[in-house]
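Residues per chain, in single letters:
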Amino acid sequence: MDKSLHYLRRRNWERQEYQTGMTLELNSGIVISGYTLDVSLGGVFLLTDTPLTHISLGDKGTIHIKIAQLNLAFPCVVARINPRGIGVNFIAKQSEFGMMISHDMTLGLITRTNNAFAQSMDLETTLKTSVSHIKNYMQAEAASLFLIEDNQSGIVCRACTGPVNIQGTRLSLGEGIVGRCIMQGKAEIVHYPKNDRGFASHIDESTGFVTESLLCAPLVVGDATIGAMEILNKRGSGTFTDRDLIALEALASISALAIHNAKEMSQRLAAESASHAKGEFLANMSHEIRTPLNAIIGLTYLCLQTTLSEQQKDYLTKVNLSANNLLTLINDILDFSKIEAGKLAMETVAFSLDDVFASVVAVLEVKIQEKGLKLLINANLDKPWQLRGDPLRLGQVLTNLVGNAVKFTHVGEITVQVTPLEETRDILTLEFRVRDTGIGMSQPQMDNLFTAFFQGDSSTTRNYGGTGLGLAISKRLVEMMGGQFTVESQLGVGSCFTFSAQFEKGAATTNTETKHGIPGGPGTIRATKPLPMPHLMQFPGVRILVAEDNDINQQVAKELLEKVGIHVIMVNNGAEAVHAVQKELFDAILMDVQMPVLDGFHATRAIRMQKSLANVPIIAMTANAMQGDREKCLLAGMNDHIAKPVAPRELYATLSRWIGNHVKTTPPNQATIVPPFSTDCIPSIPGIDLSIGQRYVGNNTNLFKVVLLKFARGTDRPYFRLRQFIRDNDAEGLKQASHALKGVAATLGATTLSHMAAQIETEAKITHNLQDLAAPVHELSDALDQLIHTIETALADTLTTASLATSPPSPDVTKLLAPLIAKAVKLLADYDSECDEVVAQLASIVTLNTHKEKLTTIKKALDIYNFEKALTLFKDWAHDEQIALDEP
């Protein structure tokens, strides 16, 4: 056996990242294609599956290679033939070939290494990425990364991979081969390192094998050496060469810079960790509280639309008011967190004081009436200016102050006085004074009044409630509006809160009286008008495209939208959405974010590239509901964001905001009132909060049963393969499946299951060892299986299989199907493969299960070019839908 083949057996060069495709054309006409297995300056060995028959040593030919967009050809002669491939030598000295190959490999390696580090987010991830990436690309048995300690007292192994397990091992400065490499700042190869004077037995003997060859390169940033990278090969796996040492030096240089940047980032993150932890806690707490609170607000809203006795109406109105007050407290806590982090932004928009005061009255009116108080608002302005500023934040301050006044006042009245303080050409400074006849405060209480979480005393907290954040937030908001806050108070007499705020001036309105929609005279409000009953929005004639890949979410969205008169077109992914908007016009698009084929972000960008669709409202619907997720949606070109599970009221309000010119509001009547949900209709199902699930399907009990059974029987969905994703080490599949389960479970009211899935989705995004999630994934799968069994047991006899189909097709759907089915029949009669485009259009509009099944069967026939069967299936479909066809 010749020396080169012996070398190949000991050193495996079958690395896809180092292989270059090329073609060998022999003068006899034989053409062989393959990949480089080994390259030298004098020749190349070509790995190929082509049978090497009728080829002899000494045959001449030309080898072609395409590198960096250059087509190069080199005359050569066959020098070696074996079952693995064919080796050729260059006829003339062609060092350019080997140099080109080496150059191409080096650039590719550096590019891939940079890409790997670009995905590293922290120091530990960067260290692990370094050793793993370099071990793989250098075809080493093991790799270790050492860093000099911050106090320069020693060297510590921070990451390792392969059979080596020395992480945390410490060397003194200069100790061992690694220490020598760091001290000298020079890379080196060491063969049989046990014979080297720098051999460190407690490092190298712990590898579990006899090291034959070792490479070590320093990690250098600028003029400073921060550590070293060491890679090993055991006896029998090959000896490193000078070419390997050059590659390691290049990779070590890139690693050093990535580690340096990651360390700096880690230090910055550590400085911000306390603030971040607080923000995370508040966000999580807000999420946990909002879930049941949304159910309370949503169900109360629906109940208030039904026919109620006066007593029932009174009780529910108070429940609704209390729930909204609780929501205000939660918002206060989040606002305080944002202010502390410097992330609370103020808007500058046109507004009128009339609207601000009207919103304050709407929030507090019931409580004022209940206590028998008077609310007087007097805006003494020469002109009713149209102002520019942040009306929501101004309203927040006024609502807090007036709300406190109502809370601490038992007899008398609350007065709000607005007076101009200073006016320039562009700026108007106003003074707002809120006075009450309540219990008042002592001086010590006033001294700490604006301290966060401060309450006057324990009895105040017990008797009146609150977080102690409202005034602290109000003071900071006033300061952000360029004003100041003061307070005067006397025990037993009352309090007066005064603040100023600056606003840009707009045009003066023509109205000379300040009216706020409630009787009381010019510039004055007396709160006497009862709150109106909620009205049900209607969207007649509105066409909306819904892009959603989960059929349960599809059904819920379709039912909620059709309930208010919207015509719904449903598609299964972003690609179908892009195709649909090219064929039809829609008033709005509801876009899921995580979908197969094409996600919501890419679909939105593709739609926005079409000038005619630049202004169509695109509203994201996603289970990812943090502030950052909303910002990602807006950056992708979406207009708004609705968090899943979708609350009907929020859905309708958001649609009203973006297609308001279509909307009409009607008072509830027998045609629009939905019967209140009764849990008697569905037996108790452990693991599901029936009231929450009912709210997310628009209070439709039968639909909720359908959705529950569809969930239980849809075992083909990816979240039923969670264990399989762990076995296959498929992180992407696990992320997508857990994300889908998180949203569907939340919609059903299976909150515990939803939280378990959300935790696994989060962990799957950051873990580097998917097996760490094996236990929680099995726990989630067991919980899912148990819930499925419980649903089937509880609802087995309530619905027939036939009832799982959605409502019968409407005439509008049949009108959409007819021309497409007719076109498909005509194309198939001519064996025209363009029928695939018609099938794609049909897939974007069909929503019924029966239609989807027909289309799936047709697709299978077309996939194997069985045009006759597809034609028959289409004709049968047309017959079922009573669609007339022009027979060819």
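## Considering the overall build of the protein chain
For the protein chain, the helix and strand inventory stands at 27 helices and 26 strands. The proportion of buried residues among the 888 residues of the protein chain is 47%. A separation threshold of at least 6 residues defines the contact pool for the protein chain, and within that pool the share at least 24 residues apart is 66%. Accessible area of the protein chain: about 42,800 Å², with a carbon and sulfur share of 52%.

## Here we look at the packing of aromatic side chains
Given two aromatic rings, their pairing is described by the distance between the two centres and the angle made by the two planes. Under the definition given, this model contains 9 aromatic pairs. Geometrically, the ring pair formed by Phe-485 and Phe-499 is tilted, given 5.8 Å between the ring centres and 35° between the ring planes. With a gap of 14 residues between them, Phe-485 in strand β18 (residues 485–490) and Phe-499 in strand β19 (residues 494–508) connect regions that are remote in the sequence. Classification of Phe-485 by relative accessible area gives buried; the value is 12%. By relative accessible area, Phe-499 is classed as buried at 1%. Between Phe-711 and Phe-720 the ring centres are 6.5 Å apart and the planes differ by 45°, which places this aromatic pair in the tilted class. Judged by its relative accessible area of 0%, Phe-711 falls in the buried class. What links up through ring pairs into an aromatic cluster is the set Phe-432, Phe-485, Phe-497 and Phe-499.

## Quick notes on unusual backbone geometry
Note: most residues except glycine have negative phi, and most peptide bonds are trans. Phi at His-54 is positive, roughly 60°, even though this residue is not glycine. As for its placement among the helices and strands, His-54 is situated in the loop between β3 (43–47) and β4 (60–67). Residues other than glycine seldom take positive phi values, yet Gln-152 does so here, at roughly 60°. When you line up the elements, Gln-152 lands in the loop between β7 (142–148) and β8 (155–161).

## Re the state of the cysteines
If you walk through the whole model with that rule in mind, you get 0 disulfides. Take Cys-157: it sits in no disulfide, and the sulfur closest to it among the cysteines is that of Cys-160, at 4.6 Å.

## Notes on the sheet that holds strand β11 (residues 211–221)
Read from one edge to the other, the open sheet built from 6 strands follows the order β9-β8-β7-β12-β11-β10, with strand pairing classed as antiparallel. Bordering the open sheet on either side are β9 (170–171) and β10 (188–191), each of which pairs with just one other strand. Strand direction decides the pairing type here: β7 and β8, joined by 6 bridges, are antiparallel. Its bridge partner lying in β8, Ser-144 is registered against Cys-160. Contacts between helix α3 (residues 123–137) and the sheet are confined to β7, β8 and β12 (224–234), with β8 contributing the most and set at about 60° to the helix. Together, β7, β8, β9, β10, β11 and β12 form the strand contacts of helix α4 (residues 176–184), whose direction differs from that of β11 by roughly 35°.

## Remarks on helix α17 (residues 648–658)
Residues lying three or four places apart along an α-helix face the same way, a consequence of the helix completing one turn every 3.6 residues. Turning to α17, its buried residues number three or more, namely Pro-648, Leu-651, Tyr-652, Thr-654 and Leu-655. Along the axis of α17, the buried positions cluster into a sector of 160°, meaning they face one direction only.

## Notes on the environment of Ala-258
Mapped onto the fold, Ala-258 is located in helix α6 (residues 242–303). Overall, Ala-258 belongs to the buried group, its relative accessible area being 15%. In this structure the C-alpha to C-alpha distance between Ala-258 and Val-221, which are 37 residues apart in sequence, comes to 9.6 Å.

## Overview of the packing of helix α13 (residues 551–563) against helix α19 (residues 701–713)
With their axes 10 Å apart at the nearest point, α13 and α19 run at an angle of 170° to one another. Our classification of the angle between α13 and α19 gives roughly antiparallel. On the side of α13, the interface is formed by Asp-551, Ile-552, Gln-555, Val-556 and Glu-559, while α19 contributes Leu-703, Val-706, Val-707, Lys-710 and Phe-711. Residue composition of the contact of α13 with α19, by class: 6 nonpolar, 1 polar and 3 charged.

## So, the pairing of strand β24 (residues 618–622)
Judged by how many residues are buried, β24 sits mostly within the fold: 5 of 5 residues are covered. On β24, burial covers both faces: Ile-618, Ala-620 and Thr-622 on one face and Ile-619 and Met-621 on the other are all buried. Pairing geometry for strand β23 (residues 588–592) and β24, over 4 bridges, is parallel. Paired with Asp-592 across the strands is Met-621, a residue of β24. After leaving β23, the chain enters helix α15 (residues 600–608) and then returns to the sheet as β24, a path that is right-handed. Two elements, β24 and strand β25 (residues 640–643), share 4 bridges in a ladder whose sense is parallel. Within the sheet, the bridge partner assigned to Ile-619 lies in β25 and is Asp-640.

Parameters and conventions
Residues numbered from 1 in each chain as written. Predicted model: local features only at pLDDT ≥ 70, side-chain atom pairs only at ≥ 80, totals over all residues. Heavy atoms only, no water. Helix = DSSP H or I, 4+ residues; strand = E, 2+ residues; numbered from the N terminus. Buried < 20%, exposed > 50% of the residue type's maximum accessible area, 1.4 Å probe, protein only. Contact = heavy atoms within 4.5 Å. Areas by Shrake-Rupley, 256 points an atom, 1.4 Å probe, with all protein chains shown as cover. Phe/Tyr/Trp six-rings, centres within 6.5 Å; stacked < 30°, edge-to-face > 60°. Disulfide = S-S within 2.5 Å. Pairing = 2+ DSSP bridges. Axes fitted to C-alpha atoms, helices over the stretch in contact; angles between N-to-C directions. Arc of directions from axis to C-beta. Parallel < 35°, antiparallel > 145°, perpendicular 65-115°, else oblique. Nonpolar A, V, L, I, M, F, W, Y, C, P; charged D, E, K, R; others polar. Right-handed = clockwise from strand over helix to strand, strands pointing away.

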